[in-house]
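An overview of the molecular structure
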Amino acid sequence: MRGDLVSRPIGDVLGEARRLFEAGVKELLVVSQDTSAYGVDVQYRTGFWDGRPVKTRLLELCEQLGALAEPFGAWVRLHYVYPYPHVDAVLPLMAEGRVLPYLDVPFQHAHPDVLKRMKRPASGERNLERLAHWREICPQLVVRSTFIAGFPGESETEFEALLDFLHEAQIDRAGCFAYSPVAGAAANALPGQLPADVREERRARFMAVAEAVSTSKLGQRIGATMQVLVDQAPALGRKGGVGRSYADAPEIDGLVRLLPPEKASKTLKAGEFTRARIVGTQGHDLIGQPI
């Protein structure tokens, strides 16, 4: 996605959300180029919803979406939220369960020099502090992110700083792309273009660390009871099903593989929630016993 940020009127967003909840949608994904910058382009002007003034800003958007979702028992999940200070205000809503305690934060890298070449105004040190602060407010917070390995000019030292960040940040779910030139991108003209095999080797090293961190964090959930949204009910003649917890966005994160319910009278239905006790892990997935 490219181009200037353009914020939709908050009344339009909330109206669409209400129609979706009323139609039976159980999970609303809020996705934009930079969800945390919602309203910046219109200077957070006041809009209207149900005849009431509502400021065009991330906090107010989350407050209203959470209020709309609550009567339906639905989830609200945020994607592409950058670690700006004002995002701190949303974390209490997550701690209270009004929106899911899940953030998709595209960090891209951790070394300040690489971030500068990427034209991203951030630093690994401040991001670590921000993550720690968020987890103080909302200990159950799950963070997913994406990174780029082998960006032009990336030294081995800079790449190792990225691996150190991954260890320290304890990112729950991390993806990584080996840098590849894109037609018309300014990065194509940067010096220090790395060979394709080096870029791919660094991507593989990154993913090995990311998977180790993720596997460790998944193991800490064994014994916990979690709410699971059932995506696939048992097929005819089969037992169990497949769902996701609040920690798993659809199609990009892991799953909760559901065993047959303990009670014979309990059935699993796609699009409905169930409570499950986590009894094990399998790769990137959890094994859950419906209760």
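Structure first, text after, so check above.
In what follows, the accompanying structure is described. (Residues numbered from 1 in each chain as written. Predicted model: local features only at pLDDT ≥ 70, side-chain atom pairs only at ≥ 80, totals over all residues. Heavy atoms only, no water.)

Let us now look at the overall build of the protein. Scanning the protein from N- to C-terminus turns up 7 helices and 12 strands. Rg of the C-alpha trace for the protein: 21 Å, near the compact-globule value of 19 Å for 291 residues, within the 12% margin. In terms of its C-alpha atoms, the protein occupies a principal-axis envelope of roughly 65 × 50 × 35 Å. The 291 residues of the protein split such that 47% are buried. Summed over its atoms, the accessible surface of the protein is roughly 14,400 Å², and 53% of this surface lies on carbon and sulfur atoms. Side chains of the protein give 35 positive and 36 negative charges; the mean places of these two sets differ by 5 Å. (Helix = DSSP H or I, 4+ residues; strand = E, 2+ residues; numbered from the N terminus. Rg over C-alpha atoms; globule rule 2.2 N^0.38 Å. Buried < 20%, exposed > 50% of the residue type's maximum accessible area, 1.4 Å probe, protein only. Areas by Shrake-Rupley, 256 points an atom, 1.4 Å probe, with all protein chains shown as cover. Lys, Arg positive; Asp, Glu negative; His and termini not counted. Charge placed at Lys NZ, Arg CZ, Asp CG, Glu CD.)

Right, let's get into the pattern of salt bridges. For the coordinates displayed, the defined rule picks out 19 salt bridges. For Lys217, the salt bridge goes to Asp172, with nearest N and O atoms at 3.2 Å. Taken as a pair, Lys217 in helix α7 (residues 196-219) and Asp172 in the loop between α6 (156-169) and β7 (173-178) lie far apart in primary sequence, 45 residues in all. Of the residues examined, Lys217 reaches a relative accessible area of 17% and is grouped as buried. One salt bridge in this structure joins Asp231 and Arg244, with 2.7 Å as the shortest N-O distance. With Asp231 in strand β8 (residues 225-232) and Arg244 in strand β9 (residues 241-244), this residue pair connects regions lying 13 residues apart in the sequence. A relative accessible area of 4% means that Arg244 is categorised as buried. (Salt bridge = Lys/Arg side-chain N within 4 Å of Asp/Glu carboxyl O.)

Looking now at the environment of Arg203. You can see Arg203 is positioned in helix α7. Remark: the alpha-carbon pair of Arg203 and Leu218, spanning 15 residues in sequence, is separated by 22 Å. For Arg203, the contacting residues outside a window of four places in its chain are Ala149, Cys176, Phe177 and Ala178. Among the polar contacts listed, one links the side chain of Arg203 to the side chain of Glu200, at a separation of 2.9 Å. (Contact = heavy atoms within 4.5 Å. Polar contact = N/O pair within 3.5 Å; in protein donor to acceptor, adjacent residues only side chain to side chain.)

As a further point, take the sheet that holds β9. Pairing within the closed barrel is mixed, and its 5 strands lie in the order β8-β9-β10-β12-β11. Shown here is a sheet whose adjacent strand axes are inclined to one another by a mean of 50°, direction ignored. Sheet analysis places strand β10 (residues 256-258) next to strand β12 (residues 285-290), joined by 3 bridges and oriented parallel. What sits directly across from Arg257, in β12, is Ile287. (Pairing = 2+ DSSP bridges. Axes fitted to C-alpha atoms, helices over the stretch in contact; angles between N-to-C directions.)

Let us look at the nonpolar core. In globular proteins that are soluble, nonpolar side chains generally tend to be buried together. Counting residues in each nonpolar core, the largest one holds 51 residues, and the members touching the most others are Met94, Leu103 and Phe206. Those residues in contact with Leu103, other than ones at most four positions away along the chain, are Leu78, Val81, Val87, Leu91, Met94, Trp134, Leu141, Val142, Val143 and Arg144. Core analysis: the next-biggest nonpolar cluster, separate from the first, contains 18 residues, Trp75, Leu218, Val230 and Leu268 among them. (Core = buried A, V, L, I, M, F, W, Y, C linked by side-chain atoms within 4.5 Å.)

Another point: the pairing of β8. Relative to strand β11 (residues 273-282), β8 runs antiparallel, the two being bridged by 5 bridges. Paired with Leu229 across the bridge in β11 is Phe273.

Attention now moves to helix α1 (residues 10-22). Two residues of an α-helix separated by three or four positions point the same way, owing to the 3.6 residues in each turn. End to end, α1 covers 18 Å across 13 residues, agreeing with the expected 18 Å (1.5 Å per residue, within 8%). Inspection of α1 places Ile10, Gly11, Val13, Leu14, Gly15, Ala17 and Phe21 among the buried residues, and these make up the whole buried set. In the core, the buried residues of α1 are packed alongside β1 (27-30), β2 (46-49), β3 (52-55), α2 (58-69) and β4 (75-78). Among the residues trailing α1, Gly24 stands out with phi positive, at a value near 105°. (Expected span 1.5 Å × (residues − 1).)

On to the packing of aromatic side chains. With the rule as written, the count across this model stands at 8 aromatic pairs. Arranged with centres 5.1 Å apart and planes meeting at 45°, the rings of Phe147 and Phe206 form a pair that is tilted. Of this pair, Phe147 sits in strand β6 (residues 142-149) while Phe206 sits in helix α7; the two residues are 59 residues apart in sequence, bridging distant segments of the chain. Summarising the burial analysis for this pair, Phe147 and Phe206 share the class buried. (Phe/Tyr/Trp six-rings, centres within 6.5 Å; stacked < 30°, edge-to-face > 60°.)

Considering the arrangement of structural elements, one finds Arg77 in strand β4. Residue class for Arg77 comes out buried when judged on its relative accessible area of 0%. Of the polar contacts made by the side chain of Arg77, one reaches the backbone oxygen of Asp248; its length is 3.1 Å.

With that out of the way, let us pick up the environment of Gly271. The residue Gly271 is located in the loop between β10 and β11 in this model. Note on Gly271: relative accessible area 33%, which makes it partly exposed. Put simply, Gly271 and Tyr82 are 189 residues apart on the chain and 30 Å apart in space, counted from C-alpha to C-alpha. With residues up to four places along the chain from it excluded, the contact list for Gly271 reads Lys26, Leu229 and Val230.

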